[in-house]
There are 2 protein chains.
Amino acid sequence: MPVTTTERGWKASVTRPVDWTAEVLPGLLDATPDQVPDLFGDLTVSPRRLVVVDSNVYRLYGHRILALLDRYEVVHSHPVVVAGGEASKNRATCDLITSGMEGFGVERFSEPVLVWGGGVLHDVAGFAASEYRRGVPYRMFATTLLASVDAGFALKVALSHGYKNRVGAYHPAEAMFTDPALFARDRSHIIEGAAEILKWALAAPDPAVFDYFERHGPDAVANGFAADDPHALAIIRTTIEGMMRELEANPYEAVSQRRSYIGHGMSPGLEPTVTHGQAVILDILLTLMIATGRAVISETLRDRIVRVIRATGLPLWHDVLEHGPGPIMRALDDTARHRHGLQSIPVMDGELGRITYMQDITAAELGAALYDLNRTATAI
Amino acid sequence: MPVTTTERGWKASVTRPVDWTAEVLPGLLDATPDQVPDLFGDLTVSPRRLVVVDSNVYRLYGHRILALLDRYEVVHSHPVVVAGGEASKNRATCDLITSGMEGFGVERFSEPVLVWGGGVLHDVAGFAASEYRRGVPYRMFATTLLASVDAGFALKVALSHGYKNRVGAYHPAEAMFTDPALFARDRSHIIEGAAEILKWALAAPDPAVFDYFERHGPDAVANGFAADDPHALAIIRTTIEGMMRELEANPYEAVSQRRSYIGHGMSPGLEPTVTHGQAVILDILLTLMIATGRAVISETLRDRIVRVIRATGLPLWHDVLEHGPGPIMRALDDTARHRHGLQSIPVMDGELGRITYMQDITAAELGAALYDLNRTATAI
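Rules used in this analysis
Residues numbered from 1 in each chain as written. Chains lettered and ligands numbered in written order. Predicted model: local features only at pLDDT ≥ 70, side-chain atom pairs only at ≥ 80, totals over all residues. Heavy atoms only, no water. Contact = heavy atoms within 4.5 Å. Buried area = accessible area lost by both parts, 1.4 Å probe. Salt bridge = Lys/Arg side-chain N within 4 Å of Asp/Glu carboxyl O. Polar contact = N/O pair within 3.5 Å; in protein donor to acceptor, adjacent residues only side chain to side chain. Helix = DSSP H or I, 4+ residues; strand = E, 2+ residues; numbered from the N terminus. pLDDT = per-residue confidence, 0-100. Buried < 20%, exposed > 50% of the residue type's maximum accessible area, 1.4 Å probe, protein only. Axes fitted to C-alpha atoms, helices over the stretch in contact; angles between N-to-C directions. Parallel < 35°, antiparallel > 145°, perpendicular 65-115°, else oblique. Left-handed = near helix turned anticlockwise from the far one by under 90°. Expected span 1.5 Å × (residues − 1). Pairing = 2+ DSSP bridges. Least-squares fit on C-alpha atoms with pLDDT ≥ 70 in both. Phe/Tyr/Trp six-rings, centres within 6.5 Å; stacked < 30°, edge-to-face > 60°. Lys NZ or Arg CZ within 6 Å of the ring centre and 35° of its normal.

## Some thoughts on the interface of chain B and chain A
Accessible area lost when the parts come together is the quantity often used to give the size of an interface. Each partner contributes residues to the interface: chain B has 68 residues there, and chain A has 68 residues. Taken together, both faces of the contact between chain B and chain A bury some 6300 Å²; the carbon and sulfur share is 51%. Looking at the side of chain B facing chain A, the largest losses of area belong to B:R8, B:W10 and B:R134, adding up to 16% of the total buried there. Linking chain B to chain A there are 14 salt bridges. B:R133 is the salt-bridge partner of A:D334, the closest N and O atoms lying 2.7 Å from each other. Our count for the chain B to chain A interface comes out at 41 residue pairs in polar contact (both at pLDDT 80 or more). At the level of elements, β2 (9-24), α2 (91-104), α3 (119-131), β9 (156-161), β10 (163-170), α7 (230-249) and α10 (326-336) of chain B are the ones that each hand at least two residues to the side of chain B that touches chain A. Looking at the side of chain B that touches chain A element by element, the count peaks at 16 residues for β2(B).

This is the structure:
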């Protein structure tokens with residue numbers, strides 16, 4: 001569209017095309033250029049790649065990652081090794097990665113940074129990539145359940161800067177690859193991913209997504225989303241595909257009523273005392289209590305969901321909730337400044353698959369929900 | 001476009017629409033809601049605005065800016081007052097502005113930050129706005145010639161981080177307003193703007209743009225682009241309109257051959273020893289010498305342009321050039337990492353209006369150009 005002349009000046013209009021992919025690739029570390037030619041992007045334009053890798057991943061798989069890079073004849077840096085976890089989601093980690101890009105001399109268009117790790121590393125390295133030279137491409141190799149079903153293919157990148165995710169950008173990895181064989185399998189990591197899977201099971205337009213999770217989720221969580229569990233793999237694939245559609249439909253959050261915000265409107269008020277995944281589950285539980293109080297959903301549906309949360313071993317309560325509604329209300333106020341001034345807390349509209357949005361949740365209502373949750377946590 | 005299923009996964013494709021305006025508005029500080037209803041965006045959605053202002057602008061015009069905000073019934077913060085100039089183009093200034101946004105509680109969509117100042121403040125405040133909550137809108141009130149003809153309506157925002165503009169984003173002000181009556185008129189500020197005007201005069205597809213500058217530029221520079229000089233105003237308007245078209249045609253620099261890169265491929269090697277504007281002029285002069293050496297342009301055209309530079313009082317030489325080709329070659333290498341590995345230094349293709357791109361400029365060629373420039377600076 002050409003620049004148009006307005007009454008006193010000019011108006012320019014552009015559109016920026018962005019596309020990105022997500023793939024589940026069992027045997028990722030054994031891939032060959034014949035089988036998966038595009039694993040590291042187009043190496044004929046430039047074979048140079050900067051590698052950024054989580055310190056645990058590097059300890060466990062560093063030699064195999066380096067062998068994989070050699071097999072593809074990638075001309076790579078000494079890897080930038082970074083600690084994962086929320087505590088690393090800050091400017092210092094971002095600057096470390098930026099220094100790595102500067103030292104390596106990353107070209108702006110043709111040398112995607114290769115990021116190996118979990119959700120926090122995605123957000124920080126993706127943010128560093130979004131800033132460097134006004135944006136360089138990167139590729140994500142997701143080594144946690146959370147990254148594979150949520151953060152790893154998100155458009156959002158971010159740092160926590162005073163408040164969770166306070167600064168950020170929209171800059172998805174041009175490609176995400178994940179292999180369940182590489183997942184960190186300790187219970188704390190699995191809970192983080194399971195929380196986002198449950199979120200999508202409740203948000204999905206197709207109620208069969210929740211039905212399937214209800215049937216197979218507890219076992220999948222128990223076995224740590226094992227690579228040889230076909231149900232675990234099916235849950236992962238369903239979540240990725242559903243979330244990709246959700247992101248594509250509203251990539252820049254211009255529409256603040258978003259199904260996948262379930263569990264994410266009040267949870268920042270509980271972090272970092274509890275982890276993100278725990279906070280998401282507690283947010284979901286409080287949302288269910290409030291919705292039941294408003295008769296938006298039935299006690300039957302609420303109890304069905306609570307039972308699934310219990311069966312998967314996800315938390316039903318945490319001491320942080322003893323602080324009462326104050327921190328949660330403050331989080332809700334901040335959330336509203338992200339959503340056109342509205343709380344817009346999504347919840348099932350009577351039945352799974354349909355979503356409505358709650359506004360004007362009050363401290364009194366939250367207090368009642370906390371009371372109900374405390375009772376429910378010990379009762380069902 | 002719906003998510004598509006690939007061989008092993010999924011692909012999502014989105015486009016992000018961005019539009020923005022630029023207006024020359026004489027009498028800006030006396031504007032009224034009747035005459036210019038959209039000066040601060042839609043105040044009916046939210047009347048709250050954070051104000052970020054250059055310290056010199058605040059000293060000179062603070063009371064009138066505050067009166068203007070009152071006239072529009074803007075609910076504003078105590079302004080965030082920031083020093084201008086290249087030395088402020090850093091993370092510390094960015095963090096100061098971010099803290100201001102956080103303290104004020106800027107809503108994500110409906111409360112554009114109001115930025116009053118020059119090009120550096122545009123770049124830093126625009127970058128802070130691009131990061132905060134993954135991007136909040138801002139409006140630019142350009143108080144320097146440079147900001148009004150170049151930085152103020154650019155998509156690019158940036159910080160210098162080790163190297164000039166090393167981190168940045170694409171996040172144009174949703175609207176730029178400028179009033180020549182507010183320009184900083186000291187010679188150093190005027191030279192900064194005049195350098196970018198000359199750049200566009202040489203880059204413009206229409207050779208009449210240079211003809212006009214040749215005829216009226218020297219007087220405009222001499223009178224500091226006075227608000228009552230119709231030729232100065234015409235030059236400003238022509239430059240804005242031309243650059244808006246240039247930006248719109250290649251907003252994300254995917255095409256690395258860009259007319260308006262004239263003067264910007266080698267100049268980073270001279271900064272910050274000399275100012276950006278001075279560096280751009282010296283880069284242009286070296287480019288002309290190299291192009292003449294390659295017989296891409298005639299000595300006649302080169303000398304015509306050199307005479308205009310001399311007539312406007314722009315620099316023809318600086319001691320920084322005594323350092324020889326080394327720093328300039330290093331800048332060229334870095335520039336190539338911004339342009340698909342190519343130098344792509346634009347220059348007139350024989351005549352004004354046509355552009356060709358020089359590649360593979362060597363240190364020896366630069367040395368010869370430095371020698372020629374030194375001789376020319378004292379000869380014509």
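## Describing the environment of B:M289
Residue placement: B:M289 occurs in helix α8 (residues 276-293). Discounting chain neighbours no more than four positions away, the residues touching B:M289 are B:R302, B:V306, B:A369, B:D372, B:L373 and B:T376.

## Focus: the confidence of the model for chain A
The predicted coordinates of low-pLDDT regions are not to be read in fine detail. Of all residues in chain A, 99% attain a pLDDT of 70 or more, and the chain-wide mean is 96. ipTM for the predicted complex: 0.95, alongside a pTM of 0.96.

## So, the pattern of salt bridges
In the structure shown here, the tally under the stated rule is 56 salt bridges over all chains. Where B:D349 meets B:R354, a salt bridge forms, and the shortest distance between an N and an O atom there is 3.2 Å. Of the residues examined, B:R354 reaches a relative accessible area of 44% and is grouped as partly exposed. Among the charged side chains, a network of salt bridges with common partners joins A:R108, A:R134, B:E246, B:E253 and B:R258.

## A closer look at the packing of α8(B) against helix α9 (residues 299-311) of chain B
Residues and elements named next belong to chain B. Contact pair α8 / α9: the axes reach a minimum separation of 9 Å and the direction vectors enclose 165°. Classified by the angle their axes make, α8 and α9 are roughly antiparallel. The chirality of how α8 crosses α9 is left-handed. Contacts between α8 and α9 involve I281, I284, L285, L288, M289 and T292 on the former and, on the latter, E299, R302, I305, V306 and I309.

## Details of α9(B)
All names here are of chain B. In a regular helix each residue adds 1.5 Å, so 13 residues correspond to 18 Å; α9 covers 18 Å between its end C-alpha atoms and thus fits that length. Among all positions of α9, only L301, R302, D303, I305, V306, V308 and I309 are buried. Elements that come into contact with the buried residues of α9 comprise α5 (187-203), α6 (208-222), α8, β12 (345-349), β13 (351-358) and α11 (363-379). Trailing α9 by a residue or two, G313 shows a phi angle of about 80°, which is positive.

## Quick word on unusual backbone geometry
Leaving glycine out, the prevailing phi sign among residues is negative, and the prevailing peptide bond configuration is trans. Residues and elements named next belong to chain A. Cis rather than trans, the peptide bond between E271 and P272 has omega equal to 0°. Secondary-structure assignment places P272 in the loop between α7 (230-249) and α8 (276-293). In this model, H340 sits at a positive phi of 55°, which is unusual for a non-glycine residue. Within the secondary structure, H340 is located in the loop between α10 (326-336) and β12 (345-349). When its relative accessible area of 38% is taken as the criterion, H340 is described as partly exposed.

## Regarding the pairing of strand β13 (residues 351-358) of chain A
Judged from the 5 bridges that link them, β12(A) and β13(A) form a sheet pairing that is antiparallel. Bridge pairing links A:V347 to A:T356 in β13(A).

## Some thoughts on the relation of the copies chain B and chain A
Each copy superposes on the other: chain B lies on chain A with an RMSD of 0.0 Å after a rotation of 180° and an axial shift of 0.0 Å. Considering both components of the superposition, the chain copies are consistent with a two-fold axis. Judged by C-alpha distance, B:R16 is the residue of chain B that lies nearest the rotation axis, at 2.4 Å. Same-surface contact between copies: 100% of interface residues of chain B are shared with the interface of chain A.

## Topic: the environment of A:E365
All names here are of chain A. The topology assignment puts E365 in helix α11 (residues 363-379). For the pair formed by E365 and L50, sequence separation is 315 residues and the distance between their alpha carbons is 51 Å. For E365, the residues in contact, after removing those within four places along its chain, are I290, R294 and D360. Of note is the side chain of E365, whose polar atom sits 2.5 Å from the side chain of R294.

## Some words on the packing of aromatic side chains
Enumeration over the complete set of coordinates arrives at 10 aromatic pairs over all chains. Between B:F40 and B:F141 the ring centres are 5.7 Å apart and the planes differ by 50°, which places this aromatic pair in the tilted class. One end of the pair, B:F40, is in the loop between β2 and β3 (48-49); the other, B:F141, is in strand β8 (residues 138-142), and 101 residues separate them in sequence. As far as the burial class goes, B:F40 and B:F141 line up, both buried. Members of the aromatic cluster, joined through ring pairs, are A:F40, A:Y72, A:W116, A:F141 and A:F177. The ring of A:Y261 has A:R339 sitting right over it, with the charged end atom 4.0 Å from the ring centre.

## Details of α8(B)
Because each turn of an α-helix spans 3.6 residues, side chains separated by three or four positions in sequence point in the same direction. Residue and element names in this part refer to chain B. Taking 1.5 Å per residue as the helical rise, α8 with its 18 residues ought to reach 26 Å, and the 25 Å between its terminal C-alpha atoms agrees with that figure. Here α8 lies mainly inside the structure; 16 of its 18 residues are buried. Directly after α8, the chain includes A295, whose backbone phi takes a positive value near 60°.

## A word on the packing of α6(B) against α9(B)
Helix-helix packing is characterised by the crossing angle of the two axes and by the distance between the axes. Residues and elements named next belong to chain B. Viewed as axis vectors pointing N to C, α6 and α9 meet at an angle of 30°, and their least axial separation amounts to 9 Å. One finds that α6 runs roughly parallel with respect to α9. Of the two possible hands of crossing, α6 and α9 adopt the one that is left-handed. Every residue of α9 that contacts α6 at F210, D211, F213, E214 and P218 is listed here: R304, I305, V308 and A311.

## A few points about the environment of A:Q343
All names here are of chain A. If you trace the backbone, Q343 turns up in the loop between α10 and β12. By relative accessible area, which is 10% here, Q343 ends up buried. Separated by 88 residues in sequence, Q343 and V255 place their C-alpha atoms 13 Å apart. For Q343, the residues in contact, after removing those within four places along its chain, are L332, T335, A336, M358, Q359, D360 and I361. Among the polar contacts listed, one links the side chain of Q343 to the backbone nitrogen of I361, at a separation of 2.6 Å.

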